[in-house]
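Residue-level listing of the chains:
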Amino acid sequence: MVKTFKNLAKSYLNYIKFAALKIIERNGYVLLLKNHYSELCSKLYLYEDETVYLKNYLNSAVKIIDLNCNRYGATENNFEIFDEAKQWKSFGIEPPNRSEEYPSCRWIEGGLSFVPDKLRVCPNCVEGGGTPGLTKFSGGHFSIREVLTIRKLIITANQNGGFNGCKKCPLLLKKMWAPKKFLFDTICLAHYTVCNLACEYCYAIPEGKQKLPLSSIISLKPTFEWLVEEKYLSTESVILWGGGEPIINKEFESLFIFLTRYGATSEVYTNGTILSKTLLEAMINNKASVMISIDAGTKESFNIIKGKNLFEKVVKNIDKYAKANKYKIILKMIICDKNKHEVIPFLNIAEKNDIRIVAYDVLTYNNHVSQEIIDCAAILKYEGIKRGIDVRVGEVGTIYNPNDNIRQRVEQSFNLLSGRNRLESNPNIQSTDLTEART
Ligand code: SF4
Ligand code: SF4
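Computed from a predicted structure; not experimentally measured. (Residues numbered from 1 in each chain as written. Chains lettered and ligands numbered in written order. Predicted model: local features only at pLDDT ≥ 70, side-chain atom pairs only at ≥ 80, totals over all residues.)

Q: Looking at this model, I keep getting lost on the overall build of the protein chain. Mind explaining?
A: For the protein chain, the count of helices and strands is 16 helices and 15 strands. When the 439 residues of the protein chain are sorted by exposure, 35% land in the buried category. (Helix = DSSP H or I, 4+ residues; strand = E, 2+ residues; numbered from the N terminus. Buried ≥ 20, exposed ≤ 12 C-beta atoms within 10 Å, placed from the backbone.)

This is the structure in structure tokens:
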């Protein structure tokens, strides 16, 4: 890897004084100071495709140290060199072999997912598999050795034919996976199922039957103080707040502030019924984003699906979050039989509040998603794009049953719709239009 990079860089020696870029090799990786990386890119005068190639290569093969943020105590001439082997060996485990490309995901490489009673690699469910529990957890410290043992087991399996639980997951990506300075950088907090709603489709609280009191929520503050103290948690971590309803947790504010001050960025998955001033402030400072599952376009459907008459309150809160930072709010709709006819009213709420991103998903634990729901998702995407909205696909129901090809089917319907309508906006579009187009 080092050799290839050096050959590539050397072939541009006429354009740059390569030796002056202070590239340091260590443990098979290249460390490159970020300011020199920018210098390298700007001095190469590459064609566009060559720049893309080199940047991709650098991103996967090179540890780039950012002197500007100086979180690593780095200076121009003296910066801490990260040694993955030493770190893993301190827990009695050899690090995985990362000399070649292999399929993996951000969760396998640096994830930690807090779910009731245990830790998992990722929060995702893939039918017939999914990732195993890492270790039991009921607060406080946990065994890093157990976590790394399973992480290595999954990586090694993925390098040799595939880890069963992940085999069908569309989030697997084959590329060079560089070692990381910190053991954990992608965190999901879904360690409880307490919520102020009881949505029909909720998989965290099936039929509202497992509703627990607020006092049942364990504290994670001591755990994160320990992870920070020991430098196991990345200063650039991404924290996904789920649950249950994350904002209802009495520890939400203090843990959120603690992690944000440490450097983490948060993604808060909320039902939008409670406004958090701390979250608003973090959104203004680009340190957090919020995903609000309104799942309806009208009060009537909202009441049926969510079980409470809080539609107006949620819409008001959406307005406040959007005003804080319209680029940091995602409005989400889980499309099901009860709301499938409301994708356009849903987009109207997004448009009215100048929201730039929406997401759709389908119900989890659904072995087959009907063509009508697929077509409604395609309509949402089609009409959203026409309105200049970035339409994203959720990572829960759409990946649950890979054999149902949900994402591919939505793309097919979307392509059919685009070809038929030549990408003209049609706010009266119906799923029956797609049925007709198919015949
Ligand atoms: S199931 Fe998917 S998201 Fe979860 S660890 Fe495996 S590949 Fe990653
Ligand atoms: S808001 Fe979320 S956690 Fe609460 S009941 Fe609805 S789906 Fe479940």
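Q: Sorry, what's going on with the nonpolar core here?
A: Generally speaking, nonpolar side chains in soluble globular proteins are found buried as a group. Of all hydrophobic cores here, the largest spans 86 residues; its most connected members are Val 290, Leu 331, Ile 335, Ala 377 and Ala 378. The biggest single contributor to this core is helix H13 (residues 371–386), with eight residues. Viewed by domain, this core spans two of them, domain 2 (84–175) and domain 3 (329–439), each represented by three or more residues. (Core = buried A, V, L, I, M, F, W, Y, C linked by C-beta atoms within 7 Å. Domains from an automatic or database assignment.)

Q: Looking at this structure, how should I read the confidence of the model for the protein chain?
A: Should pLDDT be low for a region, the predicted coordinates there are not to be read in detail. Summary statistics for the protein chain give a mean pLDDT of 82 and a share of 76% for residues scoring 70 or more. Throughout residues 9–31 the model reports pLDDT below 50, and contacts reaching past four residues in sequence, or to other chains, amount to 38 contacts. Contacts for the low-pLDDT stretch residues 61–81, under 50 throughout, to residues beyond four places or in other chains number 35 contacts. (pLDDT = per-residue confidence, 0-100. Contact = placed C-beta atoms within 7 Å.)

Q: Quick question: what am I supposed to make of helix H9 (residues 277–284) here?
A: An α-helical turn contains 3.6 residues, so any two residues separated by three or four positions project in the same direction. Of the residues making up H9, those classed as buried are Leu 279, Ala 282 and Met 283. Take H9 and look down its axis: the buried residues cluster within an arc of 100 degrees, on one side only. Buried residues along H9 sit in contact with helix H8 (252–262), strand S11 (265–270), strand S12 (288–293) and helix H11 (311–324). Positive phi shows up at Asn 286, right after H9, with a value of about 60 degrees. (Arc of directions from axis to C-beta.)

Q: How do you make sense of the sheet that holds S12 when you look at a structure like this?
A: In a beta sheet, neighbouring strands pair by backbone hydrogen bonds and run either parallel or antiparallel. Here ten strands make up an open sheet; going across it, the order is S7-S6-S5-S9-S10-S11-S12-S13-S14-S15 and the pairing mixed. Each end of this open sheet is capped by a strand with a single partner; those strands are strand S7 (133–136) and strand S15 (390–393). The mean inter-strand angle of the sheet, taken between neighbouring strand axes irrespective of direction, is 20 degrees. Running at roughly 165 degrees to S7, helix H6 (residues 144–159) makes contact with strand S6 (118–120) and S7 of the sheet. (Pairing = 2+ DSSP bridges. Axes fitted to C-alpha atoms, helices over the stretch in contact; angles between N-to-C directions.)

Q: Hey, could you run me through the site of ligand 2 in this one?
A: Taken together, eleven residues surround ligand 2, and among them Cys 195, Leu 197, Cys 199, Cys 202 and Asn 271 come closest. Residue composition of the shell around ligand 2, grouped by class: seven nonpolar, three polar and one charged. (Near = placed C-beta within 6 Å. Nonpolar A, V, L, I, M, F, W, Y, C, P; charged D, E, K, R; others polar.)

Q: Explain the pairing of strand S14 (residues 357–362) to me, please; I cannot follow it from the model alone.
A: Note: strand S13 (residues 329–335) against S14, six bridges, orientation parallel. Opposite Lys 332, over in S14, you have Ala 359 as the bridge partner. In terms of handedness, the path from S13 via helix H12 (residues 343–352) over to S14 forms a crossover that is right-handed. What joins S14 to S15 is H13, and the crossover it makes is right-handed. (Right-handed = clockwise from strand over helix to strand, strands pointing away.)

Q: Hey, could you run me through the site of ligand 1 in this one?
A: Close to ligand 1 lie 13 residues, the nearest being Cys 105, Cys 122, Cys 166, Cys 169 and Leu 171. For the shell around ligand 1, a count of residues per class yields ten nonpolar, three polar and no charged.

Q: I would appreciate a short explanation of unusual backbone geometry in the present structure.
A: When glycine is set aside, most residues are seen to have a negative phi, and most peptide bonds are trans. In this structure, Asp 295 takes a positive phi of about 60 degrees despite not being glycine. Among the structural elements, Asp 295 can be located in the loop between S12 and helix H10 (299–306). Backbone geometry at Asn 405 places phi at a positive 50 degrees, although glycine is not the residue there. For Asn 405, the position within the fold is in the loop between helix H14 (397–400) and helix H15 (406–421). The class for Asn 405 is partly exposed, based on 15 C-beta atoms found within 10 Å.

Q: How should H10 be read in this particular structure?
A: Turning to H10, its buried residues number three or more, namely Ser 301, Phe 302, Ile 305 and Lys 306. The arc that holds every buried residue of H10, seen down its axis, measures 105 degrees, which confines them to one face.

Q: Help me understand the environment of Leu 347 in this model?
A: You can see Leu 347 is positioned in helix H12. Sequence-wise, Leu 347 and Ala 296 are 51 residues apart; in three dimensions their C-alpha atoms are separated by 9.7 Å.

Q: I would appreciate a short explanation of the packing of H9 against H11 in the present structure.
A: For any two helices packed against each other, one specifies the inter-axial angle together with the distance between the axes. At a closest axis distance of 8 Å, the pairing of H9 and H11 adopts a crossing angle of 30 degrees. Taken together, the residues of H11 that come into contact with H9 (itself represented by Leu 280, Met 283 and Ile 284) are Lys 320, Tyr 321 and Ala 324. Within the contact of H9 with H11, the residues separate by chemical class into five nonpolar, no polar and one charged.

Q: How should I be thinking about the environment of Gly 272 in this particular structure?
A: Assignment of secondary structure puts Gly 272 in the loop between S11 and H9. Note: C-alpha distance between Gly 272 and Lys 313 (41 residues apart in sequence) is 8.2 Å. The residues touching Gly 272, leaving out its near neighbours within four places in the chain, are Ile 292, Ile 294, Val 314, Asn 317 and Ile 318.

Q: Sorry if this is basic, but what is going on with the pairing of strand S9 (residues 184–189) here?
A: Within a regular beta strand, the side chains point alternately toward one face of the sheet and then the other, so they alternate between its two faces. In terms of burial, S9 is a largely internal element, five of the six residues being buried. For strand S5 (residues 111–115) and S9, the ladder comprises four bridges, and the chain directions are parallel. Residue pairing in the sheet places Gly 111 in a bridge with Thr 186 of S9. Bridge count between S9 and strand S10 (residues 233–241): five bridges; the pairing is parallel. Across the sheet, Thr 186 pairs through a bridge with Val 238, a residue of S10.

Q: Is there a simple way to explain the packing of H12 against H13 in this structure?
A: Relative orientation of the contacting elements H12 and H13 amounts to 35 degrees, with a least axis distance of 9 Å. Crossing of H12 against H13: the hand is right-handed. Every residue of H13 that contacts H12 at Val 343, Ile 344 and Leu 347 is listed here: Cys 376, Ile 379, Leu 380, Glu 383 and Gly 384. Split by residue class, the contact of H12 with H13 holds six nonpolar, one polar and one charged. (Left-handed = near helix turned anticlockwise from the far one by under 90°.)

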